[in-house]
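Tertiary structure, described
Here's the letter readout for the chains.
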Amino acid sequence: MKIVIGADSAGKPLLDVVAAHLATKPEHQVSDLSQSGFYADLAAKACAEILEGKHERGILICGTGIGVCISANKVAGIRAALTHDTYSAERAAKSNNAQVITMGARVIGPELAKSIVDSWLASEFDPAGPSAENVKAIDRLDAGK
């Protein structure tokens, strides 16, 4: 799976742990877009690459995970979920078809972050499943309908 990752200065130490963890999994190709500057710009760039088909999913990290989550969700066509536990990460994929997860480096530790990433990547949305209509409703909101 092609995964885009990125962090601001507050999130970069945790992102480095996540990147090293993903590097041990040959089935994933990871691109790090971390940069200095505003996390909104980072989120916009990562989400654009997902929408362009360059990556399938994205992981964004800032101090709390809130700023990058809000920013990512401002990009039309993106569903981002703030995840601080493995169940939320699983449900972000299975129930909400979230292409992006966000985490807070000042909120969770490195081992939990790795478990969150693994749970999310192991989970897939079922377009014929019980949450499909909810995701369609989210997409209608996104389209302004």
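Anything mentioned here points back to the structure above.
What this report covers is the structure whose coordinates are included nearby. (Residues numbered from 1 in each chain as written. Predicted model: local features only at pLDDT ≥ 70, side-chain atom pairs only at ≥ 80, totals over all residues. Heavy atoms only, no water.)

Strand order in the open sheet made by the 5 strands is β2-β1-β3-β5-β4, with parallel pairing throughout. In this open sheet, the two edge strands, each paired with only one partner strand, are β2 (29–32) and β4 (80–82). The sheet shows a mean angle of 20° between the axes of neighbouring strands, taken without regard to direction. Of the strand pairs in this sheet, strand β1 (residues 2–7) and strand β3 (residues 57–62) are connected by 5 bridges, and their pairing is parallel. Following the sheet pairing, Gly-6 is matched in β3 by Leu-60. Here helix α1 (residues 12–23) sits on the sheet and contacts β1, β2, β3 and β5 (100–104); the angle it forms with β1, its principal contact strand, is near 160°. (Pairing = 2+ DSSP bridges. Helix = DSSP H or I, 4+ residues; strand = E, 2+ residues; numbered from the N terminus. Axes fitted to C-alpha atoms, helices over the stretch in contact; angles between N-to-C directions. Contact = heavy atoms within 4.5 Å.)

What follows deals with α1. With 12 residues, α1 ought to run about 16 Å at 1.5 Å a step, and its terminal C-alpha atoms sit 16 Å apart, in line with that. By the burial criterion, the buried members of α1 are Leu-14, Leu-15, Val-18, His-21 and Leu-22. Down the axis of α1, the smallest arc covering the buried residues is 120°, so these residues share one side. Away from its buried face, by an angle of more than 90 degrees, α1 presents the exposed residues Pro-13 and Ala-23. Check the buried side of α1 and you find it contacts β1, β2, β3, β5 and α5 (110–121). (Expected span 1.5 Å × (residues − 1). Buried < 20%, exposed > 50% of the residue type's maximum accessible area, 1.4 Å probe, protein only. Arc of directions from axis to C-beta.)

Next up on the list: the nonpolar core. Val-18, Leu-22, Ile-59, Ile-61, Met-103, Val-117 and Trp-120 are the most contacted members of the largest nonpolar core, which has 22 residues in total. Contributions of two or more residues to this core are made by β1, α1, β3, α4 (86–94), β5 and α5. Of all the elements, α5 adds the most residues to this core, at 5 residues. Those residues in contact with Val-117 that sit more than four places away from it in its chain are Val-18, Leu-22, Ile-59, Ile-101 and Met-103. (Core = buried A, V, L, I, M, F, W, Y, C linked by side-chain atoms within 4.5 Å.)

Counting across every chain of the model gives 8 salt bridges. For the salt bridge of Arg-79 with Asp-139, the shortest nitrogen-to-oxygen distance reads 2.7 Å. Here the residue Arg-79 occupies a position in the loop between α3 (66–73) and β4, and Asp-139 occupies one in helix α6 (residues 132–142), the gap between them amounting to 60 residues. A residue is classified by how much of its surface remains accessible, and Arg-79, at 11% relative accessible area, is buried. For Glu-90, the salt bridge goes to Arg-91, with nearest N and O atoms at 3.2 Å. For Glu-90, a relative accessible area of 25% puts it in the partly exposed group. The network of salt bridges with common partners includes Lys-12, Asp-16 and Asp-32. (Salt bridge = Lys/Arg side-chain N within 4 Å of Asp/Glu carboxyl O.)

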